[in-house]
Amino acid sequence: DTGGATWSAFNAGFPNPLTTNVRALLASSSGTEVLAGTDTGVWRSTGGGAWQPLGQGAGPGKLNGSVQSLISMPGNVLLAGVASGGVWRSGDGGQSWTPPVPGNGMPASETPYGFVGQPPVVPAFVLATTHNGVFRSTDGGSSWSLASDGIPTSASPIQAWVDTRQPNLVYVSTASNGIYRSINGGITYSAINDGLGAVRARGFQIFTATEGAHLYAATEDGLWEALNTHAVAPPPPRWRAVTQEGLIEPRASNTIMWALTAPVVPGAGALGLIAGTQSNGGYFLSFEPPDSPCPSSNTTNVTTNCPRISDTTPIEAQSLSALNGRWTGTETIDYAYQWQQCSSTTDGSCADIADAEETTFVVPDGSTSRYRVKVTATNPAPSFNVVFRTSAITSPAAANPSAFPGSSQLSAPSITVNAPGQTTSPQVGDTMFAEYGITPNAFSDGWFNPRATSVAFRWLRCNGSGVDCNEIAGATRRSYTLTADDGTHDLRVRVTGTNASGTRQALSPSSYDVTSLPATVGDPIPDPDGGPSKSQAPALAGDAWVGETLAGTVGGWTDPTTEFSRRWVRCDAFGAACTYIQRVASTDPETGSTYVVRPDDLGYTLRMRVTADVNGDLGDNGLDNLLPHAVEVDTAPSAVVTARPGTGGGGGGGSGGGGAVADTVRPVVSGLRVSPRRFAVAARATAVVAARRRGRRRRGGTPKGTTFRFNLSERTTALVTIDRLGPGRKAGGRCRRPTRANRRGRRCVRAVRRGTITRRNLAAGRASIPFSGRIGRRPLARGPYRATVVASDAAGNVSRPTTVGFAIVKS
C-alpha cells in the first residue's frame, strides 16, 4: 500500500504458502476483492481477509486445474485460462465454472497465458494469448477464432496489451521473436522490433500522451521504451534502452525482468514504474522528463545551454550545423531537428522548412533569409508535453562570392536498378544506383559544374510520387539494396557536393514504386537435398477428434505486407490426395482460421492451405494478375481423424467424474496379397471388372484389373497407396530420378506416388478391395508398382504398413 516501496506477506488461508504458485492476480474495480489463480484453482480475498477457495471441489462446475490467467468481463463473467485446458467461463463471479465447449473455435488443449479486453469500449471483446497464437472472442469468451496472422508459428505469444486511447492498436510479446503490433484490433500483426535489444518482453506498460503512446517493455535485457504516434496507420516505433543505473550492482545484474507495473498511490498518482527482476525482487524507476536550462525564448548563441548554429552569418550554398545545447533527464535522450526560415529577429516570423529535419542544412541559392533550428528532446519519460528549445535567429544570408559546386550548372542524378535484365522497375533485394546527371567532362563531375571536391549520398524513402520523403538510416553510399521496408514506396537519392567555396545539393526524381518479393515463409533454411525447407511454415493446433477444433496459423513470412487466405482440405492417411472441404449445406469452401472436425473426416487427415500474396491483387475470382504471383503452402497433415477418446477424470482442472478407458491397441493387417499380380487396366468400373475377370482368364485373355485381399483384426478404415517403381540414384540421402549430376550415386528403387484408395467401415476378418488399374479416371501406365495398406480404427490407432507388388501390362 506504499506504491511498491515496502512489502509484506499476504498468504493467510493458503494451505501451504511455500508451495503455492500464484500465476494470476485480478482485483475488482473497487479494490475490495482480489482473485488469485493458482495450480489448484481460483482463490478469493475480500476486504484484505484470508484467502478462500472459489469454485473448487468435486463434481460438475468445479475448477481444480492450474489457472494461468484471469480476466473479468461485464455481467459478472470471469474467464480463466487453464493449463492444457483452454478457457473456462463463470457467469456468477467464480462460484461455478463451465469448461470449454467442443467446437468453440479454440482447441481444448490450449494454455491461455494471458487475457486482454477492451471494456467498456467493446464490452464483449477479449484476446487470449496461447503457445499457438492469439485467439479473439467477440462474445465474452463463449466462442473464439484464431487471429494472429503475421506472428510466426514458432514465436509463442506470451501476453497482449491494448492501447485504451486507440483500441485498434494491440501489442503482443512473444517468447522468441520480439514484439508485434496490430493496427486493426488484433486481426493481423507485424513485428515492431526496430532498435529492440531483446526478444522477450514479459512485462508491458502503455502511457498515453499528447504526441502518442509511450510503450515500455520489460525484457531479459532491461527496460526499453518506444513512442507509437497517434495516427490511423502509425509507422513502426523505434525502441531505445532506458538507463540501467541502479539495476547493475557490484555482485548482481538485475537486468532480467519478469513483470512491469505502474503503481498509483492515492493523492500522488503514478509515481513511475516497478520492474520485477529475476532473483533480486522489485526495482523502482522514477522518470525525469527532458529539460534544459536554456530559456524557452532564446535570443543569443553565446550560452552553451541553448541549441546553436555553427555560423551565425549564413552564406548562400553554405552548410549550417546544429548543436544540441545542454539537457537533463532520464537517459537515453533523443533529439529531433527542424530548420526554420525567418523574416525578422522575432519568434513569430519563423516557419518550418519542409523536409529540413537533419543536423545540417544547406542555405539555398540566392537566399537572403534568416534561419534558426528547433531542437526537440525526448527520453523514456512518459512526457505529456513536447519539450523543445530553439537557437537564436541568424543574420540574413549573404551571397557566396566564390564558385561553389553547381553554381554554373546543376545536373540532378537519376536512379538505375542493378538487376539482371531491367533498369527501372525495382524489387526488394535489388540494388539501386545513383547515376550521373550528365556524362562527366572537363568542367563537370557529372552532377556539379564547377566540380565538387567531395560528394556525399543519402537515400530517401518516399510515400506516393516522391513526396513526404525521409532519410533511410545508414543509406549513405552510391548504391543501396532495397529491403522489405521499401515495398510499395518509391525512392529518391540526394547528392551533396562540397568544395572550398560551399555546398550544393542535387535531388533525383523519384523511382518507380518498389515491388515486394514473392511471399516467402520465414527465413528459409537450405535443404541439403535441394528442396525448400521452411523454418516457420503454417501449422495446425488442436486434436483431430470429431467435434474438436483445429486452429491453423499462417506461419512467419519475410514481407510484412503479405496478405493471406485460407482453405481447408481433406487428405488421405498419409496427407496426400487432398480435396477442398465445403461448408455445411453450402458450395462455399471452408476458409476460416479454425475448423470443427466432422464425422465425414473420420479416417482422413486434414490440412490448411495458405495462399500468401504481397500485392493484394488476389481476389475471390482467383485471378492473380500482378507480379510477384501468390504462393501456396500447406500445413503438415493432422493426425488421422478419430472419434473423441474417453479420458480419465480429474486431470487439468476437470469437473471430476470418470470416463471410458482409451483404446490404444493398433489394428493389424495381415495376409496381404494381390491376385492377379500382372493385369491390364480395365475399361469399366472396378466392381464390374471384379465380377467378370475369372471368365476372361479361362478364355486365355489378359486379365483386366485385380483385387487386394487381406485380414483385419478389427473394424477399420483401410487406405491403399499406389506407388510407381522405377530406377533411381541416391543423392542427399534420398532416391532421386537419374540425372547427369547424380549418375555416380548408388542405384536404388524410386517410388513415385500415383494415388490412393480409401475404404471405410471394413469389418474385422477377411477384406477385399477390387482395383481396375485406374486412380479416379486416370489409368496407370504400364510398369511395376507397389501397394501399401494401412488401417486405422475409430480411436485413431494406425496399423503398421504392409506392402505388395504388382505390374500393369499391355492389354
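These numbers come from a predicted model, not from an experiment.

Calculation notes
The numbers attached to residues start from 1 for each chain and follow its sequence in the written order. Whole-chain, interface and lining totals are the exception, using all residues; otherwise, since this is a predicted model, local features are given only for residues with pLDDT of at least 70 and side-chain atom pairs are given and counted only at 80 or more. No hydrogens and no water enter the side-chain calculation; it runs on all heavy atoms of the structure. Starting at the N terminus, helices and strands are each numbered in turn, a helix being any DSSP run of H or I of at least four residues and a strand any DSSP run of E of at least two. We call a residue buried when its accessible area falls under 20% of the maximum for its residue type, exposed when it is over 50%, and partly exposed in between, using a 1.4 Å probe and counting protein chains only. Contacts between residues were defined by any pair of non-hydrogen atoms, one from each residue, lying within 4.5 Å. Pairs of strands are assigned from DSSP output, requiring at least two bridges between the strands. The definition of a polar contact used here is a pair of N or O atoms within 3.5 Å, where within protein one atom must be able to donate a hydrogen and the other to accept one, and adjacent residues in sequence count solely through side-chain atom pairs. Two cysteine sulfur atoms form a disulfide, by the criterion used here, when they sit within 2.5 Å. When a carboxyl oxygen of Asp or Glu is within 4 Å of a side-chain nitrogen of Lys or Arg, the pair counts as a salt bridge. Of the two site types, the cavity is a set of points on a 1 Å grid over the protein atoms alone where a 1.4 Å probe fits but cannot get out, and the pocket is an open set with protein on both sides within 12 Å along at least five of seven lines, each lined by residues with an atom within 4 Å of a point. Grid points are joined across faces, edges and corners, and a volume is the space filled by probe spheres set on the points. Throughout, the ten residues Ala, Val, Leu, Ile, Met, Phe, Trp, Tyr, Cys and Pro are labelled nonpolar, Asp, Glu, Lys and Arg are labelled charged, and all others, Gly among them, are labelled polar.

**Observations regarding the environment of aspartate 559**
- Structurally, the position occupied by aspartate 559 is in the loop between β44 (549-553) and β45 (563-571).
- Exposure remark for aspartate 559: the relative accessible area of 4% places this residue in the buried category.
- Separated by 54 residues in the primary sequence, aspartate 559 and aspartate 613 place their C-alpha atoms 9.6 Å from one another.
- Sequence-distant contacts of aspartate 559, defined by excluding residues within four places in its chain, comprise Ser516, Leu517 and Val614.

**Focus on the sheet that holds strand β46 (residues 579-580)**
- The sheet built from 4 strands is open, its strands ordered β46-β45-β48-β49 with antiparallel pairing. Unpaired on one side and paired on the other, β46 and β49 (631-634) mark the two borders of the sheet.
- As judged from the 4 bridges shared by strand β48 (residues 605-613) and β49, these two strands associate in the antiparallel manner. Along β49, the bridge assignment pairs threonine 611 with glutamate 632.

**Points about the side chain of serine 508**
- Inspection of the secondary structure puts serine 508 in the loop between β42 (502-507) and β43 (539-541).
- A polar atom in the side chain of serine 508 sits 3.0 Å from the backbone nitrogen of valine 493.
- Other than its neighbours up to four places away in sequence, serine 508 contacts Pro413, Ser414, Ile415, Arg492 and Val493.

**Structural notes on the state of the cysteines**
- Overall, the coordinates contain 5 disulfides when judged by the stated rule.
- Disulfide partner of cysteine 294: cysteine 306, at an S-S distance of 2.1 Å. As the torsion about the S-S bond is roughly 100°, the cysteine 294-cysteine 306 disulfide counts as right-handed. Placement of cysteine 294 in the loop between β26 (281-285) and β27 (308-309) and of cysteine 306 in the loop between β26 and β27 is noted, with a sequence separation of 12 residues between them. As far as burial versus exposure is concerned, cysteine 294 and cysteine 306 are alike and both buried.

**Thoughts on unusual backbone geometry**
- Of the consecutive residues glutamate 331 and threonine 332, the connecting peptide bond is found in the cis state with omega at 10°.
- Locating threonine 332 in the fold gives a position in the loop between β28 (319-323) and β29 (334-342).
- Across the junction of asparagine 449 and proline 450, the peptide omega takes the value 0°, indicating a cis bond.
- Within the fold, proline 450 resides in the loop between β37 (448-449) and β38 (454-463).
- Unusually for a residue other than glycine, aspartate 355 sits at a positive phi of about 60°.
- The topology assignment puts aspartate 355 in the loop between β30 (350-352) and β31 (360-362).
- Located in the positive-phi region is alanine 577, a residue other than glycine, with phi close to 50°.
- Along the chain, the position of alanine 577 falls in the loop between β45 and β46.

**Structural notes on the pattern of salt bridges**
- Taken as a whole and judged by the stated rule, the model has 19 salt bridges.
- Among the salt bridges present, the one from aspartate 347 reaches arginine 372, with a minimum N-O distance of 2.9 Å. In this pair, aspartate 347 is assigned in the loop between β29 and β30 and arginine 372 in strand β32 (residues 370-378), connecting sequence segments 25 residues apart.
- The class for arginine 372 is buried, based on a relative accessible area of 8%.
- Sharing partners across several salt bridges, the network here consists of Glu358, Arg458, Glu471 and Arg494.

**A word on empty space enclosed by the protein**
- This structure, assessed with the given rule, holds 2 cavities of 30 Å³ or more.
- Approximately 60 Å³ is the volume found for the largest cavity.
- Together, Asp572, Ala573, Gly603, Tyr604, Thr717, Ala718, Leu719, Thr758, Val790, Ala791 and Ser792 line the largest cavity.
- Counting residues per element, the ones that place at least two in the lining of the largest cavity are β53 (716-731) and β59 (783-792).
- For the second largest cavity, the calculated volume is near 40 Å³.
- The wall of the second largest cavity is formed by His131, Asn132, Gly133, Ser148, Ile151, Pro152, Thr153, Pro157 and Thr553.
- In the lining of the second largest cavity, the residues fall into 3 nonpolar, 6 polar and no charged.

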